[in-house]
Amino acid sequence: AKEAGRGRYEVFDEGMRARAVARLQVENELRRALDREELQLFFQPIHDLQAGRIASCEALVRWNHPERGLVGPDQFIPIAEESGLIVPLGAWVLQRACRQLARWRRSVEAADSLRITVNLSARQVTQPDIVDTVAEAIEEAGLDPQDIGLEITEHVLIEDAQTTADTLRRLQRLGVRLVIDDFGTGYSSLSYLKRYPIEVLKIDRSFIDGIADDESGDLAIVTAIVRMASALGVDVIPEGVETEAQLQALRDLGCQYAQGFLLDRPLPPEELEARLRG
Ligand code: C2E
Ligand code: CA
Ligand code: CA
Ligand code: CA
């Protein structure tokens, strides 16, 4: 029994060790990737359905890995968060997104009123110098803080509430727009909508999924979110719109904005520029 027990422990240990080694490897590679400019930003348009144009776009990071090709953020953002690498990585994203918008403003007429949103992870929001990092990226690019939206999840609002509240107020004073990402998935109290200066709610795509079919209950939930947001003077952006039927249901609700594969996938900068030029 002792033998078997030890055997099992070894198998368990091996599995854990293998995972730890794999993680460490990704972490080391990611550190190098930052220096070697292997990261790149894609931009997914957010459409203004009423004006019939692109209102803003969300910066989404990709890793152009020398052997594995284009790697999606789900494969490395969690590791970046655990290791703390998300702090320099996130600063890089902010800087590059701001520079890209500034370039479009100079070269593409339709980018005059274009805005950009950037995802901030919980770890970034609790950095003491996050407000400076944001301010510097905007200033260096010569942009107006109003041009930039910061996407944070509800999860961020629950963690370390005092520091977060202070940071969000300072960001608001700076003039950037605060956006709640994946709205509805955080199991948090809605009272934060009164407490924090939130300007936009992005409705998580899990609620958009069944919005066009009667049985799912999604339509009732999204209707309630849209009404509440409207009463609070907060904009709403439904995410993950994949079908015409979903888009129609959102139009019927009076939604002004939408984002999703039906309208546009995340695009490399050249393709977004081509979309802007029409
Ligand atoms: P997110 O912020 O919720 O971003 C939306 C994700 O949904 C993107 O995946 C986008 O490609 C995908 N998506 C957009 N429209 C549709 C649709 O119609 N259907 C479906 N099925 N998916 C759609 P992506 O680019 O793989 O990013 C995944 C997550 O990685 C993001 O989720 C965000 O949490 C994180 N992420 C990406 N870039 C950054 C970054 O620069 N910093 C941080 N902290 N996180 C990032
Ligand atoms: Ca987002
Ligand atoms: Ca989202
Ligand atoms: Ca997400």
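The following paragraphs examine the structure supplied in this document. Predicted, not measured: the structure shown is a model, and the values here were computed from it.

### A closer look at the site of ligand 1
Taken together, 22 residues are adjacent to ligand 1, and Gln44, Arg62, Asp181, Glu242 and Phe261 come closest. Gln44 has a polar side-chain atom sitting 3.1 Å from a nitrogen atom of ligand 1. Interatomic distance of 3.0 Å between a side-chain N/O atom of Asp181 and an oxygen atom of ligand 1. Here ligand 1 loses 83% of its free accessible area of 800 Å² to cover by the protein chains. Only strand S2 (53-65), helix H3 (86-107) and strand S6 (177-183) provide two or more residues apiece to the shell around ligand 1. The element contributing the most residues to the shell around ligand 1 is S2, with four residues.

### Regarding a positive patch on the surface
Together, Arg169, Arg173, Lys194 and Arg195 line one region of the surface with positive charge. Secondary structure elements with two or more residues in the positive patch: helix H7 (161-174) and helix H8 (192-195). Mapped onto the elements, Arg169 comes out in helix H7. The exposure class of Arg169 is partly exposed, given its relative accessible area of 34%.

### Here's the deal with the pairing of strand S5 (residues 148-153)
S5 sits mainly inside the fold: five of its six residues count as buried. When strand S4 (residues 115-119) meets S5, the two strands line up parallel, connected through four bridges. Note that in S5 the partner of Ile116 across the bridge is Ile148. Bridge count between S5 and S6: five bridges; the pairing is parallel. Among the inter-strand pairings, Gly149 is bridged to a residue of S6, identified as Arg177.

### Observations concerning the coordination of the calcium ion (ligand 2)
Looking at the calcium ion (ligand 2), one finds its protein donor set to be Glu58 (OE), Asn119 (OD1), Glu151 (OE) and Asp181 (OD), positioned 2.1 to 2.3 Å from the metal centre. On the primary sequence, the residues serving as donors to the calcium ion (ligand 2) are separated as E-x60-N-x31-E-x29-D. Between the two metals, the calcium ion (ligand 2) and the calcium ion (ligand 3), the spacing is 4.0 Å, and Asp181 donates to both. Here Glu58, found in strand S2, pairs with Glu151, found in strand S5; they are 93 residues apart in sequence, far enough to count as distant. For the pair shown, Glu58 and Glu151 are each scored as buried.

### Some points on helix H5 (residues 130-141)
Compared with the 16 Å implied by 1.5 Å per residue over 12 residues, the 17 Å span of H5 between its first and last C-alpha is a close match. When we look at burial in H5, the residues that qualify are Ile130, Val131, Val134, Ala137, Ile138 and Ala141. On an axial view of H5, the arc spanned by its buried residues comes to 135 degrees, and they lie on one face. Exposed side chains of H5 directed beyond 90 degrees from the buried face belong to Glu136 and Glu139. Check the buried side of H5 and you find it contacts H3, helix H4 (122-125), S5 and H7.

### Quick notes on the environment of Thr163
By the element assignment, Thr163 lies in helix H7. Residues Thr163 and Arg32 lie 131 residues apart in sequence; the distance between their C-alpha atoms is 31 Å.

### Regarding the pattern of salt bridges
For the coordinates displayed, the defined rule picks out 13 salt bridges. The partner of Glu37 in a salt bridge is Arg96, with the nearest N and O atoms 3.1 Å apart. In this pair, Glu37 is assigned in the loop between helix H1 (2-35) and strand S1 (39-48) and Arg96 in helix H3, connecting sequence segments 59 residues apart. Exposure remark for Glu37: the relative accessible area of 44% places this residue in the partly exposed category. Its relative accessible area of 24% is what places Arg96 among the partly exposed residues. Residue Arg105 pairs with Asp147 through a salt bridge whose shortest N-O separation is 3.1 Å. Here the residue Arg105 occupies a position in helix H3, and Asp147 occupies one in the loop between H5 and S5, the gap between them amounting to 42 residues.

About the thresholds
Residues numbered from 1 in each chain as written. Chains lettered and ligands numbered in written order. Predicted model: local features only at pLDDT ≥ 70, side-chain atom pairs only at ≥ 80, totals over all residues. Heavy atoms only, no water. Near = heavy atom within 4 Å. Polar contact = N/O pair within 3.5 Å; in protein donor to acceptor, adjacent residues only side chain to side chain. Areas by Shrake-Rupley, 256 points an atom, 1.4 Å probe, with all protein chains shown as cover. Helix = DSSP H or I, 4+ residues; strand = E, 2+ residues; numbered from the N terminus. Patch = residues over 30% accessible without salt bridge, like charges linked within 9 Å, V, L, I, M, F, W, Y side chains within 5 Å. Salt bridge = Lys/Arg side-chain N within 4 Å of Asp/Glu carboxyl O. Lys, Arg positive; Asp, Glu negative; His and termini not counted. Charge placed at Lys NZ, Arg CZ, Asp CG, Glu CD. Buried < 20%, exposed > 50% of the residue type's maximum accessible area, 1.4 Å probe, protein only. Pairing = 2+ DSSP bridges. Donors = N, O, S within 2.8 Å, 3.2 Å for Na, K, Ca; no water. Expected span 1.5 Å × (residues − 1). Arc of directions from axis to C-beta. Contact = heavy atoms within 4.5 Å.

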